[in-house]
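One letter stands for each residue in the lines below.
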Amino acid sequence: MNESAILNARIQALALDLDRANHALESAKVDEDLRERVRVPFLELITAQQNSLTSLRNLLGLGKLSTETGWSQFQNINNDCQSLLKECLEFVQGALARKAGTDFGICRIADALLMDIGHRSDISWTRFTMLAVGEFFHDMSEIIRLRFPDPTIWSLPVACHEFGHFAEQKIAERYAGKTRYPIKEILDQEAFNGAKNVSFLRELFADLFATFALGPAYACTCILTRFDPGRAHVDGNVHPSAAKRAYFILKALDKMNSSDITKPYGYIIDRLKDAWGKDVDPVAAGQLNVWLESLATALNKKSGLKYKGWAGASALIPAMMATELPHQALQQAKAGKANIPDVLNAAWICRLEHFEELDRVNQIGENAMRLCHEISLRSH
Amino acid sequence: MVDPILNARLDVLEQELTLTNARESWLQKLCSTLNRYESKDLKQEWYKFASLLGVDLEDQGKILQKIRERLKAIELQDDQAARDIMSQAWADYTKALDRSQMLFREFLEYIGGLIFRDKEFDQEICDLADELIRFCAQLVSLVGSMSVPAARDSLTRSVGWMVRVRFPEWTIWTLPFAAHEYGHVVLKEFSRLDKIIREEVDKWLETDPEFQALPADKQDIEKNDGPLQQRATSYVKEFLADAFATYLMGPAYAFPAILLRFDPTGSSALSRGLPLDTHRAYIVLEILKGMNSAITQPYQWVIDYLTTKWEETQKRVNATPLTAPEKARLDAVIEGWRRFPSMFLPEAGYQHSGNEGWAIAGGWAQLWSEQAKNMVPLQLPPGIDHSSRLRDVLNAAWICRIKGDVSDVAEIEKIAKVLINEIRLKIAKQVEDTQRKIVKRIARPRRS
């Protein structure tokens, strides 16, 4: 063994790991439809890392690189590869688990919802959703994760927040022959005020995106089922405090409400404010208002994104409240006369009326699930 | 005083706990999905995992129930005392939620791992890991665990006695790491070790310079599960798992740890809340030195080889050498480890002589090396039976890789896998024979 024996052994082992991961991704055992949606980006990433390893090995072999520099380069490649391998494993396991039905069909519904939003906002998303321990978006594979073990429709709006993270880099405008990325520009500008501000702004943009796309359903999900009042005023490393986010989301909803002549969301905003009962200090509120204005201005140009289905949601209320979902409602869903955002909003309107009646809430959730399922079959 | 939001959260979490703990329906789902397992084996594995996790899930359910009872008692009150109870209820709920999410993660990882294994992506390495763990379990008189593929930075540790095999390291070279992961299971589940572990953690904490710099009152707070105490627990358990794996596997653990896994700069571990790899390497080498006390010093060449390679590599990457106080702290952990082996069976430690162990591994490596020198395809050694040991195969493979004349590492791996499978077959046959004898004995008419 020569002086870089250990380093060479590591390079060789990592190259083999990449080969095996590639083999797993290419395997016919993974659902073909899902595989095809991520195959190319994964292949490109694996090939890039393999090339880096080959180049490192060659430079070491030719003596053009000291072992010390070689180790340092290897550490960088290895770190990138470990993230890539983790993502590969999660994809393969997630795809297999989804095929096995461990998600109770919720992933298919989430796919349909996000495809619909992608279509409305003209942001093409060709990936899919799968289960994880919490919702998140990873830009490596662009797969959106849904939280296990929640097989109900109540958490679906959070998937839309994750889609917001995907949309952040994709929102573009053509002006005078040039392409601008307005959200990226706002984030770049904020970078002067520190990395934490950029993280917070990213989260708030995703909140705004989800609120615009889903209307009150997103606000209800976050405020009533997710935000922790006990730690309401504690900022995280990436996420602003729950109080700040709740303020921001309600302000965004208020903005949508004001721009509609019928002011449809007034009573929901009041109920959520009342239930949440937390405020933010004036300085933070001022900052949040400024951010909301600049992000909303950029997002307003995606006019198709904004939720305008309140009337449609209201029409679904009787179906949601029924002890057995009416056949007619199912037929309408099959015929394409209802969409998932309307169903989610209708379900939340009904849930707010029976918030503490667990059986009623479950019944509403089941009815909504069945409708969403029908809609997802159609869109698939 | 009523908080509808908290009530709704409790409802949801309760439903999620119930759904996750619905053992029968998950088993049905798995049975209809998985093809590779005999339904009896699957059931056995599933119930073992589900019952262990189920206890924890039920505990969380009980906590939620207690929160509900306290909330019920303050429904008609609206004073400061009621507000305090409400605030405590939120805090307890958040704690239960955090714990539940950890259990959900474990559950999802296990289900995902089972399905993954079913598709045979892992070139059966998890089967070999299972066999190795079964063997380790016999030596420490504990129930075995099932191995599943996992990413490098799994956050949870063995809630359901699950052992993770890093994806996609599907080679026999890294198989001994399963013993390290199983070490974590043993440290967690073997209640006789609790007291010693606690003492070792306290020792580590008390010699932590950051801890020593704290005023006395802050030290008391720290000792009560503060961040430094948590770090001490994580570090000490990692060291002890390394010691466990080295003790059971012998050089077969030290070789891949030093040559294939540990980071000579040490930096990559800190972000994951783990000790520096340079510290772990010290532990592994020192444990191996401790096992080398026989008159023949059987592991001397391994120790020399690994020490030299590690030191050279560290020099090349300008790694900071261990300081005397650091060494003293690590030596104290090693001293503490010496109390552990007496808790296991006498044959748990890797033997250097006799019918199994290093001498046998060396013989097999010698045979393969000679076959390679004579251009003969590598063959199974003679005399393999159910008492042949998996750990000897792994040691033989490493000896052959480092010292032998086999230039192609893949050749060694291939023959080692064949040998492992041969031993597995012999073990299975022996179990079958024993069972047949028992059946015969029971069926034989008895004299009155």
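Residues numbered from 1 in each chain as written. Chains lettered and ligands numbered in written order. Predicted model: local features only at pLDDT ≥ 70, side-chain atom pairs only at ≥ 80, totals over all residues. Heavy atoms only, no water.

(A) Layout of the overall build of chain A. A count of helices and strands for chain A gives 16 helices and five strands. For 380 residues, the compact-globule estimate of 2.2 N^0.38 gives 21 Å, and chain A sits close to it at 24 Å. Along the three orthogonal principal directions, the C-alpha set of chain A runs to about 75 × 50 × 50 Å. Across chain A, every contact between residues at least 6 apart in sequence was considered, and the portion connecting residues at least 24 apart equals 74%. As displayed, chain A offers around 15900 Å² of accessible surface, 51% of which is attributable to carbon and sulfur atoms. Within chain A, one finds 43 positive and 46 negative side-chain charges whose respective centroids are separated by 3 Å. (Helix = DSSP H or I, 4+ residues; strand = E, 2+ residues; numbered from the N terminus. Rg over C-alpha atoms; globule rule 2.2 N^0.38 Å. Contact = heavy atoms within 4.5 Å. Areas by Shrake-Rupley, 256 points an atom, 1.4 Å probe, with all protein chains shown as cover. Lys, Arg positive; Asp, Glu negative; His and termini not counted. Charge placed at Lys NZ, Arg CZ, Asp CG, Glu CD.)

(B) Quick peek at a positive patch on the surface. Residue and element names in this part refer to chain B. On the surface, Lys437, Lys440, Arg441 and Arg444 cluster together into a positively charged patch. Among the secondary structure elements, Arg441 is positioned in helix 18 (residues 409–443). The exposure class assigned to Arg441 is exposed, which follows from its relative accessible area of 52%. (Patch = residues over 30% accessible without salt bridge, like charges linked within 9 Å, V, L, I, M, F, W, Y side chains within 5 Å. Salt bridge = Lys/Arg side-chain N within 4 Å of Asp/Glu carboxyl O. Buried < 20%, exposed > 50% of the residue type's maximum accessible area, 1.4 Å probe, protein only.)

(C) Representation of the confidence of the model for chain B. Per-residue confidence for chain B gives a mean pLDDT of 88, with 94% of residues at or over 70. Here the predicted complex carries an ipTM of 0.82, next to a pTM of 0.82. (pLDDT = per-residue confidence, 0-100.)

(D) The arrangement of the interface of chain A and chain B in detail. Contacts between the two partners involve 56 residues from chain A, matched on the other side by 61 residues from chain B. Contact between chain A and chain B buries roughly 5000 Å² in total, counting both sides, with carbon and sulfur atoms accounting for 63%. Summed over the three residues of chain A that lose the most area to chain B, namely Arg10, Arg20 and Phe148 of chain A, the buried surface amounts to 12% of that side. In this structure, the connection of chain A to chain B is made through one salt bridge. Sorting the residues of the side of chain A that touches chain B by element identifies helix 1 (5–26), helix 3 (67–99), strand 1 (129–132), helix 8 (216–226), helix 10 (266–276) and helix 16 (358–379) of chain A as the ones contributing at least two each. Top contributing element to the side of chain A that touches chain B by residue count: helix 3 of chain A, with 14 residues. Its residues assigned to classes, the side of chain A that touches chain B comprises 30 nonpolar, 12 polar and 14 charged. (Buried area = accessible area lost by both parts, 1.4 Å probe. Nonpolar A, V, L, I, M, F, W, Y, C, P; charged D, E, K, R; others polar.)

(E) Just the environment of Glu222 of chain B, in detail. Residue and element names in this part refer to chain B. Relative to the elements of secondary structure, Glu222 occurs in helix 9 (residues 216–223). Here Glu222 falls in the buried class, since its relative accessible area comes to 12%. Sequence-wise, Glu222 and Phe211 are 11 residues apart; in three dimensions their C-alpha atoms are separated by 7.9 Å.

(F) Just the nonpolar core, in detail. Core analysis: the biggest nonpolar cluster contains 282 residues, and Phe91 and Phe163 of chain A together with Trp46, Tyr182 and Phe344 of chain B have the highest contact counts within it. Per-element tally for this core: the top contributor is helix 4 (residues 80–118) of chain B, with 16 residues. (Core = buried A, V, L, I, M, F, W, Y, C linked by side-chain atoms within 4.5 Å.)

(G) View of the pairing of strand 2 (residues 162–166) of chain B. All names here are of chain B. Counted residue by residue, strand 2 has five buried out of five residues, so it is predominantly covered. The side-chain alternation of strand 2 yields two buried faces, one formed by Met162, Arg164 and Arg166 and the other by Val163 and Val165. Direction of pairing for strand 1 (residues 146–150) relative to strand 2: parallel, over a ladder of five bridges. Across the sheet, residue Met146 finds its bridge partner in strand 2, namely Met162. (Pairing = 2+ DSSP bridges.)

(H) Local environment of the sheet that holds strand 3 (residues 144–147) of chain A. Residues and elements named next belong to chain A. Taken in spatial order, the three strands line up as 1-3-2 in an open sheet, and their pairing is mixed. The strands lining the two open edges of the sheet, one partner per strand, are strand 1 and strand 2 (136–137). Bridge analysis of strand 1 against strand 3 gives four bridges, and the strand direction is parallel. By the bridge assignment, Thr129 is partnered in strand 3 with Ile144.

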